[in-house]
Every structure is written in structure tokens, then in C-alpha cells.
Amino acid sequence: MGDFLLYEQNDALVTLTMNQPDKRNPLTGNDAVADFHEAIERIEADPSVRCVILTGNGPSFSAGGDIQTIEDQASPEMAQMTIRHWYRKGIQSLSNALFNLEVPIIAAVNGHAMGAGLDLACMCDIRIASDKAVFAESFIKLGIIPGDGGAWLLPRVIGMARAAELAFTADVINAAKALEWNLVSQVVPHDQLMSAANALALRITQHPSHGVRLTKRLMKEAIHARLDSILELSAAFQCIAHKTADHHEAVKAFKEKRPPVYS
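Residues numbered from 1 in each chain as written. Predicted model: local features only at pLDDT ≥ 70, side-chain atom pairs only at ≥ 80, totals over all residues. Heavy atoms only, no water.

Okay, the sheet that holds strand β6 (residues 112-114) next. Taken in spatial order, the four strands make up an open sheet running β4-β6-β8-β9, and their pairing is mixed. What marks the edges here is a single partner per strand, and that holds for β4 (60-62) and β9 (173-174). Bridge count between strand β8 (residues 134-136) and β9: two bridges; the pairing is antiparallel. When the bridges of β9 are listed, Phe-135 appears paired with Ile-173. (Pairing = 2+ DSSP bridges. Helix = DSSP H or I, 4+ residues; strand = E, 2+ residues; numbered from the N terminus.)

What follows is the structure, encoded as C-alpha cells:
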């Protein structure tokens, strides 16, 4: 793991903290993508992990792309095919990997979530915000487009009309507006953000790991599948779930009226 992303595990909960506050935690021009991939592989390989919180150090969640990197890509020396390859192997690979991570991810948005930083929050399953958080789909302000998948992600979170409004205007919205638009599910006082994120994570981590992961995978597949396809996949996943030790323990604990102890 590089210096950009801090990895902390407490039992079933992993907290990932973007840690380049002097640059507002950019996702390019540093080791962010490599660090995220390493963290994701580590989480996927550890069945004890049941939830992840993603947040940022300093006044920003993530300011998105590094401005120097954006400027370099516009230079005459950089070929268009080089830029295309950079996107596909860089930020777009992060979009795929983070969106498809089977463990639920809570974005604890502590400050600015701008451009790719907003899209990063949309790659997560649940977003809660500090009352100091602000959001913008700000690519058009620099004459570029959401190259990280934001054109697919944002409309699925807040609907096409509101996503279009943000993308076409680059307007900045505050946490209250983000809550009104269902971009976030909670807004809390700034100094209570991580407590609220941990409390939410605790409600998730009390459940069996395999069940949580399979449920998330099913919901992700449902985004772009027909009902009959999801019913078939649900039947297959349910076969797996019924044969897990955690399911057997959950049923036994329910009948004995005690808290379950998962393995």
C-alpha cells in the first residue's frame, strides 16, 4: 500500500482514508488508483470483512483529478491514444473495481466531492455527508467530460434530470441539497461524521459475510438485468446461502432466542 490510502481494519470493518489533504485528495497524479486496487484485492480476499468506510483526510473528500495531470493531457506532446489508454487503465479501472467490490462501501463525505470525487462517492453503495460537504459534477467547467463513468453512475443515483443539471452547469450543491436529491442518505454535524458512519457500518457487519456479499452482488446485477434473469440468479445465490454455516447458525440462534455467533 502506498502513501495515498490508509487501510485500517477493526474486526469486520475496514476504513479507507484518502490521505493527501494538501492537494485535496486527488485521484490522479499520484498512487491513488494503485492503492485502491491493492486495498480492494485485500478486502475481497478476506471473508471476515463485511463493510468498508471510505473517507478523506483534511477539508476535502476528493477534489477529483489533479489539475497538473489534466493540463499535461492537453499538451501537444501527448497523443490522443495515450490519453485513451491512460483513462482505461487508470481511473476507469478504479470505477469498475470499486463499483464491483462485493463488500458494502459507505462513503463518509467529509468535505469537497468534486468531479471525479463526486463520482467516487457514487461508486459506493451508501453516502453520508458532513454538514460541511459540497458536491459538483464539475468536468464541464474545464471543458472536459466525466471520463470516469460519472455519466453512468450519477443518473442512477439521483435520476437523469438532476444529473444532467449538475453535469451541464457544474453547479456546486451543499449537503442539504444533496440530501433532498437523494445523493446522500444522511447529513450529520461534521464532528459526528465518522461516528455516524461507524454506527451504520455496525448495523451491516452484524450480519453474515456471505449473505451480505451475495446480496450486494445481486443488487449490482439487477441494475442492468431483466427480472427473469435476476430471479434465476437469486435462486442460484439462495442455494449457496442455504448451505453456509452462517445461515445454519442464524436459524439456530433465532430459534434459541439468542444473538448469533458467525464464523
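Moving on from the model shown.
Now for the environment of Ile-240. Relative to the elements of secondary structure, Ile-240 occurs in helix α11 (residues 227-242). When its relative accessible area of 46% is taken as the criterion, Ile-240 is described as partly exposed. For Ile-240 and His-210, which are 30 residues apart along the polypeptide, the C-alpha to C-alpha distance reads 9.0 Å. (Buried < 20%, exposed > 50% of the residue type's maximum accessible area, 1.4 Å probe, protein only.)

Turning our attention to the layout of surface pockets. The computed volume of the largest pocket comes to approximately 520 Å³. What lines the largest pocket is a set of 27 residues, and nearest its centre among them are Ala-63, Gly-64, Gly-65, Ile-70 and Leu-142. Per element, the largest residue contribution to the lining of the largest pocket is three residues, and it comes from helix α2 (residues 67-73). Among the residues forming the lining of the largest pocket, the class breakdown is 15 nonpolar, seven polar and five charged. Empty space within the second largest pocket amounts to approximately 440 Å³. Of all the elements in the fold, those that place two or more residues in the lining of the second largest pocket are α6 (150-158) and α10 (209-222). Take the lining of the second largest pocket: its biggest share by element is five residues, from α10. Per-class residue counts for the lining of the second largest pocket are eleven nonpolar, two polar and five charged. (1 Å grid on protein atoms, 1.4 Å probe; cavity = no way out; pocket = protein on both sides within 12 Å on 5 of 7 lines; lining within 4 Å. Points joined across faces, edges and corners; volume = space filled by probe spheres on them. Nonpolar A, V, L, I, M, F, W, Y, C, P; charged D, E, K, R; others polar.)

Ranked by size, the top nonpolar core spans 50 residues in total, and within it Leu-54, Phe-135 and Leu-183 carry the most contacts. When residues no more than four places from it in sequence are discounted, the contact partners of Leu-183 are Leu-118, Cys-122, Arg-127, Phe-135, Leu-154, Val-157, Ile-158, Ile-173 and Ala-178. In this structure, Ile-53, Ile-128, Ile-204 and Val-212 belong to the second largest nonpolar core, which totals 14 residues. (Core = buried A, V, L, I, M, F, W, Y, C linked by side-chain atoms within 4.5 Å. Contact = heavy atoms within 4.5 Å.)

Now for the sheet that holds strand β10 (residues 186-188). Spatially, β1-β2-β3-β5-β7-β10 is the arrangement adopted by the six strands of the open sheet, whose pairing is mixed. In this open sheet, the two edge strands, each paired with only one partner strand, are β1 (5-10) and β10. Pairwise comparison of adjacent strand axes, ignoring direction, gives a mean angle of 20 degrees for this sheet. Here six bridges tie strand β2 (residues 13-18) to strand β3 (residues 51-56), and the two strands are oriented parallel to one another. Paired with Leu-16 across the two strands is Leu-54, which belongs to β3. Its contacts with the sheet place helix α1 (residues 32-44) against β1, β2 and β3, and it is angled at close to 20 degrees to β1. (Axes fitted to C-alpha atoms, helices over the stretch in contact; angles between N-to-C directions.)

Turning to the environment of Asp-148, a few remarks are in order. By the element assignment, Asp-148 lies in the loop between β8 and α6. Residue classification places Asp-148 among the buried positions, given a relative accessible area of 3%. Along the chain, Asp-148 and Leu-94 lie 54 residues apart, while their C-alpha atoms are 8.5 Å from each other. Residues contacting Asp-148, with those up to four places away along its chain left out, are Ile-91, Gln-92, Ser-95, Ala-116, Asp-119, Met-123 and Phe-139.

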